[in-house]
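The primary structure of each chain is shown beneath.
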Amino acid sequence: MPKNEVIEGLELDQYKYDFRSEDKPVFRTEPGLSEEVVRAISSHKDEPEWMLEFRLKALDIYRRRPMPTWGADLSDLEAVLDQIYYYVRPQDRMGKSWDDIPPNIKETFERLGIPEAEQKILAGVGAQYESEMVYHSLKKEWDDKGVIFDSIEDGLKNHPELFREHFSTVVPPNDNKFAALNSAVWSGGSFVYIPKGVELETPLQAYFRVNQERMGQFERTLIIVEEGARAHYIEGCTAPIYTTESFHSGVIEIVIRPGARFRYTTIQNWSNNMYNLVTQRALVHENATMEWLDGNLGSKVTMKYPSCYLVGERAHGSILSIAYAGNGQHQDTGGKVVHAAPRTTSSIISKSISKGTGRSSYRGLCKVYEGSENARSNVECDALLINETSRTDTYPYIEIEEKKANVGHEATVSKVGDEQLFYLKSRGMSEEEAMALIVRGFIEPIAKELPLEYAVELNRLIELEMEGSVG
Amino acid sequence: MKRRIILDKDIPILKITNLHARVADSDVAILKGLDLEVGNGEIHAVMGPNGSGKSTLAKVLMGHPGYEVTEGRVTFKGDDVLDLEPDERALAGMFLAFQYPVDIPGVSIANFLRTALQARLEDGDLDLFEFQDLLLDRMKLLDMDPSFAERPVNDGFSGGEKKRNEILQMAVLRPTLAIMDETDSGLDIDALRIVSQGVNTLLEETPEMSVLLITHYQRLLNYIEPDRVHVMVDGRIVRSGGPEVALQLEEEGYADWADWADADKDAEVPA
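Residues numbered from 1 in each chain as written. Chains lettered and ligands numbered in written order. Predicted model: local features only at pLDDT ≥ 70, side-chain atom pairs only at ≥ 80, totals over all residues.

**Overview of the overall build of chain B**
Stated precisely, the cut-off is as follows: Here a helix means four or more residues in a row that DSSP labels H or I, a strand means two or more in a row labelled E, and each is numbered from the N terminus. This radius of gyration counts C-alpha atoms alone. The globule rule is 2.2 Å times how many residues there are, raised to the power 0.38. Any residue surrounded by 20 or more other C-beta atoms within 10 Å of its C-beta is treated as buried, while 12 or fewer makes it exposed and the intermediate range makes it partly exposed; C-beta atoms here are placed from the backbone.
Within chain B, the regular secondary structure consists of 8 helices and 10 strands. Since a compact globule built from 271 residues should have a radius of gyration of about 18 Å, the 19 Å found for chain B is in line with a globular shape. Projecting the C-alpha coordinates of chain B onto the three principal axes gives extents of approximately 65 × 40 × 40 Å. In chain B, which comprises 271 residues, the share counted as buried stands at 43%.

Structure follows, in structure tokens:
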């Protein structure tokens, strides 16, 4: 059939974001990590003394902590961490208009469709290139209502008290080894403040781009959502494919005040030479709602478990997680919910797809502290295996101290079946089309939660990925 | 029902010659030298007891990977099909209405049919408005509620809904040859009537469509009248005739036919 020949003739390496820009950064530290590197970062950012001290203390914690061995295989990571650049400053100052950005960087973001999306569907956009935010802009109507959407550096500079009140309170440096590393060398990320009662109708988006080889990106984001406010923040990330490994380790801290509602969506599509180890956590106060929508499609290794700490009565946390692990990829993802107040509720829904030699692991924690009476939690994780060589594992951790709590866990593993494929093929679909349809159906409950543009992108991606799945 | 249009008398739509097939990677032979010919616009029924290989025949004709053809030939419109993938057979105009339709969770019937129609286009995108019109038209023809198309394919469907979904797919995809594998199984009398009405409506609309009905019971043939009836026992057609054969079977049961097949087999033992 001509159609199949076309499909077979396509390159299987379909990563759409594999383009790079040849540019000269204005400054970068020597490869590897040292106290000098940390001091250089702090001095380039012209930081207050307390921040430098914070960084150095975190560096100490990082060095003392052993490499975690409970999750994905990180045995090669030590060598990678010795070789990467911890700080690369692409330009002198951040732009408020795309015309302020150097042409090569601007072109990169244009190819990623960011300025176009900004006009159409977003309330504000931040764009990070290597170690720094190169662009940050918020539509005037939201600025007028007191919304702050800025680079983390400008947050520290322009709102020092608000910043210091919350910074590192949700994810302290000693939380885990990579939170410590991020605390030592953080650079870039967003500072977001949604004032009391303000409801953002369209999302804010931050886009993270790594361009150069052997890059380490360490963004740090702090989000404060005041009482009764509502907002949605979207994070996207891509990089070109290199034969050497790169490293990304972000820390996202979110404080949600009583009655507020916040959604954080991640579409992680790093190239498959990226280690992606991220700590994302929200502190959810009474009657407030936090929703994580976590899509992990790219990277070589991802370890990421968005968390909700439900600290106020009737706080609600929801985590929707979708992971795709293709050849050579390991997605070790899931979510954590901690119930620390009565009548708190949570749900985790996780869907993973493993193809070729890909491996996906669901790792999740549900903890209910004593005194969290009538807490309710439900965890559902479903895995779909495309080939015999694909692998999936489930590691649910459940710790219940409270007698009057209701916790449910369900897990399923399914394989794309011969009968399913035969049924679809008997209707005229090629094996690739049939696979793509089955996978799309499998992730439908999560895809329908995505903003339309991302749902379309996700579908397109799955079609491309399934083209190489036969045999 | 009257509908006789013979398009090309010389080339049968389906011709099966000495077909042998077994369960893949095993010695379990199921089809043992089957011959059958279906002309353009004809309705043929294949009847047989459990285990005679009727459903295997349906699956082998559509190219199910669970079976291996070891001998024989199958042509569709004069062209060999045994080397074709199931999707290639479908694009050529064959259709199998499944005995046990498969669930596709999260995929609506509309989405499923759109993908199937898109696969039939050499290039370009299916016009979504035209598709919507076609789907609504087909559902109206079959007296179905449009909301049915929004439900995920076969997921949580009753037996009757699954079979109606098969008929809807047939109506949208418009095959030249529809193979219907025990479409009547698992249906109560009301559901059977609704499903049969759907098939008859379709047959009236497209008289050139040929049908191979595979069934255990005569009751389906009260609703869909065949031109020819074949009795299948132990992997072969042991008798062919007009609709009267079905009635005879209904009265006498399969026991005698099985004996006949055994006698036949004995006769074939080489001297």
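**Points about the overall build of chain A**
So the rule is basically this: Working definition of a contact: two residues with C-beta atoms, positioned from the backbone, lying within 7 Å.
When you go through chain A residue by residue, the secondary structure sums to 13 helices and 24 strands. At 22 Å, chain A has a C-alpha radius of gyration in line with the 23 Å of a compact globule built from 471 residues. For chain A, with 471 residues in total, the buried portion stands at 55%. Nonlocal contacts in chain A, meaning residues at least 24 apart in sequence, comprise 83% of its contacts between residues at least 6 apart.

**Examining the environment of Arg55 of chain A**
Residues and elements named next belong to chain A. Relative to the helices and strands, Arg55 resides in helix 3 (residues 49-64). Take Arg55: there are 21 C-beta atoms within 10 Å of it, and that puts it in the buried class. For the pair Arg55 and Pro173, spaced 118 residues apart in sequence, the C-alpha to C-alpha distance is 9.0 Å. Not counting residues up to four positions away in its chain, the partners in contact with Arg55 are Val38, Ser42, Ser183 and Ala184.

**Considerations on the sheet that holds strand 10 (residues 230-238) of chain A**
Residues and elements named next belong to chain A. Rule in force here: Two strands form a pair only when DSSP identifies at least two bridges running between them. Axis definition: a line fitted to C-alpha atoms, limited for helices to the stretch in contact. Angles are taken between N-to-C directions and run from 0 to 180 degrees.
The strand order across the open sheet formed by 10 strands is 4-3-7-10-13-15-18-20-22-24, and the pairing between neighbours is mixed. Looking at strand neighbours, the two that pair on one side only are strand 4 (132-138) and strand 24 (405-415), the edges of this open sheet. Across the sheet, the axes of successive neighbouring strands diverge by a mean angle of 10 degrees, strand direction being ignored. Relative to strand 7 (residues 204-209), strand 3 (residues 124-129) is paired through 6 bridges, and the arrangement is parallel. Paired with Val125 across the bridge in strand 7 is Gln205.

**Quick notes on the interface of chain A and chain B**
The cut-off we apply is this: Residue classes follow a fixed rule: Ala, Val, Leu, Ile, Met, Phe, Trp, Tyr, Cys and Pro count as nonpolar, while Asp, Glu, Lys and Arg count as charged, and any other residue, Gly among them, counts as polar.
With 21 residues of chain A at the contact, the number on the chain B side is 25 residues. Put simply, the parts of the chain that give the side of chain A that touches chain B at least two residues each are helix 11 (418-425) and helix 12 (431-447) of chain A. Here the side of chain A that touches chain B gets 8 residues from one element, more than from any other, and that element is helix 12 of chain A. Of the residues assigned to the side of chain A that touches chain B, the class counts are 9 nonpolar, 5 polar and 7 charged.

**Points about the pairing of strand 13 (residues 261-268) of chain A**
Residues and elements named next belong to chain A. Taken across its 8 residues, strand 13 has 6 buried, putting it largely inside the fold. Pairing geometry for strand 10 and strand 13, over 8 bridges, is parallel. Its bridge partner lying in strand 13, His232 is registered against Arg263.

**Looking at the domain arrangement of chain B**
Residues and elements named next belong to chain B. Under the convention used in this document: An automatic or database domain assignment supplies the start and end points of every domain.
The domains assigned to chain B are domain 1 (14-101 + 175-268) and domain 2 (104-156). Relative to domain 2, the C-alpha centre of domain 1 lies at a distance of 27 Å. Contacts between domain 1 and domain 2 engage 4 residues on the former and 4 residues on the latter. Here the residues of the side of domain 1 that touches domain 2 sort into 2 nonpolar, 2 polar and no charged.

**A look at helix 3 of chain A**
Residues and elements named next belong to chain A. Convention followed: Expected span of a helix: the number of residues minus one, times 1.5 Å. It is the directions from the helix axis to the C-beta atoms that the arc portrays.
The end-to-end C-alpha distance of helix 3 is 23 Å, a good match for the 22 Å that 16 residues give at a rise of 1.5 Å each. Regarding helix 3, the residues found buried are Phe54, Arg55, Ala58, Leu59 and Tyr62. Projection of helix 3 onto a plane perpendicular to its axis shows the buried side chains occupying an angular sector of 140 degrees, all on one side. Seen from the buried face of helix 3, the exposed residues on the opposite side, beyond 90 degrees, are Glu49, Trp50, Glu53, Arg63 and Arg64. Looking at the buried side of helix 3, the elements it contacts are helix 2 (35-44) and helix 10 (177-185).

**Some words on the environment of Val170 of chain A**
As for its position among the elements, Val170 of chain A is in the loop between helix 9 (160-166) and helix 10. When sequence neighbours within four positions are dropped, the list of residues in contact with Val170 of chain A reads Glu253, Ile254, Val255, Arg281 and Leu283 of chain A.

**With respect to the confidence of the model for chain B**
Residues and elements named next belong to chain B. Stated formally: For every residue, the predictor reports its confidence as pLDDT, a number between 0 and 100.
For chain B, per-residue confidence averages 89 on the pLDDT scale, and 90% of positions sit at 70 or higher. Confidence, expressed as mean pLDDT per element, reaches its minimum in chain B at helix 8 (residues 255-268) with 53 and its maximum at strand 6 (residues 94-97) with 98. The low-confidence segment residues 1-6 (pLDDT under 50) makes 14 contacts with residues lying over four places distant or belonging to another chain. Ignoring residues within four places in sequence, the model shows residues 263-271, a span with pLDDT below 50, making 1 contact including any to other chains.

**Notes on the packing of helix 3 of chain A against helix 10 of chain A**
All names here are of chain A. Keep this limit in mind: Working definition: roughly parallel below 35 degrees, roughly antiparallel above 145 degrees, roughly perpendicular at 65 to 115 degrees, and oblique for all remaining angles. What makes a crossing left-handed is the near helix being turned counterclockwise from the far one by less than a right angle; a clockwise turn instead makes it right-handed.
Two numbers describe how helix 3 lies on helix 10: the axes approach to 7 Å, and their chain directions differ by 150 degrees. Viewed along their axes, helix 3 and helix 10 adopt a mutual orientation that is roughly antiparallel. Note that helix 3 runs across helix 10; the crossing there is left-handed. Each of Phe54, Arg55, Ala58, Leu59, Ile61 and Tyr62 in helix 3 lies in contact with helix 10, whose residues at this interface are Lys177, Ala180, Leu181, Ser183 and Ala184. For the contact of helix 3 with helix 10, a count of residues per class yields 8 nonpolar, 1 polar and 2 charged.

**Re the sheet that holds strand 5 (residues 79-80) of chain B**
Residues and elements named next belong to chain B. The strand order across the open sheet built from 4 strands is 2-1-4-5, with neighbouring strands paired in antiparallel fashion. The strands lining the two open edges of the sheet, one partner per strand, are strand 2 (29-38) and strand 5. Here strand 1 (residues 14-23) runs beside strand 4 (residues 67-76); their pairing, made up of 8 bridges, is antiparallel. Across the sheet, the residue bridging to Leu14 is Phe76, located in strand 4.

**Section: the confidence of the model for chain A**
Predicted coordinates in areas of low pLDDT are best not read in detail. When pLDDT is averaged along chain A, the result is 91, and 96% of the positions lie at 70 or above. Below pLDDT 50 for its whole length, residues 1-13 of chain A participates in 10 contacts with residues either more than four positions away or in separate chains.

**Structural notes on the pairing of strand 6 (residues 190-194) of chain A**
Residue and element names in this part refer to chain A. Buried residues dominate strand 6, accounting for 5 of its 5 residues. The side-chain alternation of strand 6 yields two buried faces, one formed by Ser190, Val192 and Ile194 and the other by Phe191 and Tyr193. For strand 5 (residues 148-151) and strand 6, the ladder comprises 4 bridges, and the chain directions are antiparallel. Note on strand 6: the bridge partner recorded for Asp150 is Phe191. One ladder, built from 4 bridges, connects strand 6 with strand 9 (residues 220-225); its direction is parallel. The residue of strand 9 that forms the bridge with Tyr193 is Ile224.

**Things to note about the packing of helix 12 of chain A against helix 13 (residues 452-466) of chain A**
Residues and elements named next belong to chain A. Two numbers describe how helix 12 lies on helix 13: the axes approach to 9 Å, and their chain directions differ by 145 degrees. Handedness of the crossing formed by helix 12 with helix 13: right-handed. Contacts between helix 12 and helix 13 involve Glu432, Met435, Ala436, Val439, Arg440 and Ala447 on the former and, on the latter, Ala455, Leu458, Asn459, Ile462, Glu463 and Met466. By residue class, the composition of the contact of helix 12 with helix 13 is 8 nonpolar, 1 polar and 3 charged.

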